[in-house]
Amino acid sequence: MFSGGGENPPVPNSPNDRRNPLVPMPDVELSYDAVIITHRHQDHWDEAAVEALDADVPLFCQPAEADAFAAEGFTDVRAVEESASFEGVTVHRTPGRHGHGALAEEMGPVSGFVFEGDETVYVAGDTVWYDAVQETLDRFAPEVVVLNGGAARFVEGDPITMGVEDITAVRAATDAEIVVVHMEAINHCLLSREELREEVGDVHVPADGERVTF
C-alpha cells in the first residue's frame, strides 16, 4: 500500500479495529520499470498508488481487472492471459486461491506471477497452499519463492493468506529460497514475524524495508 499509516479503515468483518496500513511505507527510493498487480484488493492497490504511479507505466494484471486499470487512466495496461515478455523477462501468470471453500470464491480472482530471466522467481500472491501452488513449483523450479503470509482472516472462517501450515508445506515442497512478506501491516493479518520464525525454519522473514540478497 502506498497510503500513509492509518489512512484507511480496518478491513470489514475483521478481528480488531486497527486502521490500515498499520505501518507507513518504508523510506526507500521508488524506482520502477513496470508494475505488476496480483489483484485489486485495497492492501495491494490503493488510491495513493493510482496517484503516485506514472500513467504510462507498463502495468501487468489479470485479465478480469484490465478495464478497471484503464478506467483509472493507465494507458499501457497489459492483461496477462498466460504469459508476457518484458525486457528479457518472461512473466507467467499463475493460479491462486484466496482462502478456503465458498469464501475463496467470494474473494474474487487472484493471481501469482513467475518471472523467468537469469533466475526464476515465483511471487505467489494472496493464496493459501493448494495443489496449484505445488504444480507451479514443480513446473518452474524457481530459485526464489515469495509468499504472502500473515494468516489474514475475518471474524469467521479460515485464513485467506498463508499461515504456518501453508508455509511449512511450501518449505517441504521446494529447495528454493523462501521469502515471506505481507506481515504485520494490515489489521486482519494476525500471524507475527516472531511467531513464524519460531514455527518454520529456513525461511526469510524480512523487516519492513529490509533488502534480502542471495
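What you are looking at is a predicted structure, and each value in this text was computed from that prediction instead of being measured.

What counts and how
Residues numbered from 1 in each chain as written. Predicted model: local features only at pLDDT ≥ 70, side-chain atom pairs only at ≥ 80, totals over all residues. Heavy atoms only, no water. Helix = DSSP H or I, 4+ residues; strand = E, 2+ residues; numbered from the N terminus. Buried < 20%, exposed > 50% of the residue type's maximum accessible area, 1.4 Å probe, protein only. Contact = heavy atoms within 4.5 Å. Polar contact = N/O pair within 3.5 Å; in protein donor to acceptor, adjacent residues only side chain to side chain. Core = buried A, V, L, I, M, F, W, Y, C linked by side-chain atoms within 4.5 Å. Pairing = 2+ DSSP bridges.

**Thoughts on the environment of Thr161**
Stage number 1. If you trace the backbone, Thr161 turns up in the loop between β8 (144-148) and α5 (164-173).
Stage number 2. Overall, Thr161 belongs to the buried group, its relative accessible area being 1%.
Stage number 3. C-alpha separation for the pair Thr161 and Trp129, spaced 32 residues apart in sequence, amounts to 8.7 Å.
Stage number 4. Those residues within four positions of Thr161 in sequence are excluded, and the remaining contacts are His98, Asp126, Thr127, Val128, Asn148, Gly149, Gly150, Ala151, Ala152, Asp166 and His182.
Stage number 5. Looking at Thr161, its side chain comes within polar contact range of the main-chain oxygen of Gly149, at 2.9 Å.
Stage number 6. From its side chain, Thr161 meets the backbone nitrogen of Ala151 in a polar contact 3.3 Å long.

**Some points on the nonpolar core**
Stage number 1. In terms of nonpolar packing, the biggest core is built from 23 residues, with Val145, Leu147, Ile167 and Leu196 touching the most fellow members.
Stage number 2. Those elements that place two or more of their residues in this core are α4 (131-140), β8, α5 and β9 (177-181).
Stage number 3. Per element, the largest residue contribution to this core is four residues, and it comes from α4.
Stage number 4. Listed in part, the 12 residues of the second largest apolar core include Val35, Ile37, Trp45 and Val57.

**Points about the sheet that holds strand β1 (residues 35-36)**
Stage number 1. Pairing is parallel across the open sheet formed by three strands, whose spatial order is β1-β2-β3. Edge positions in the sheet fall to β1 and β3 (77-79), since each of these pairs with one other strand and no more.
Stage number 2. Both β1 and strand β2 (residues 59-61) contribute to a ladder of two bridges, which runs parallel. If you follow Val35 over to β2, its bridge partner there is Leu59.

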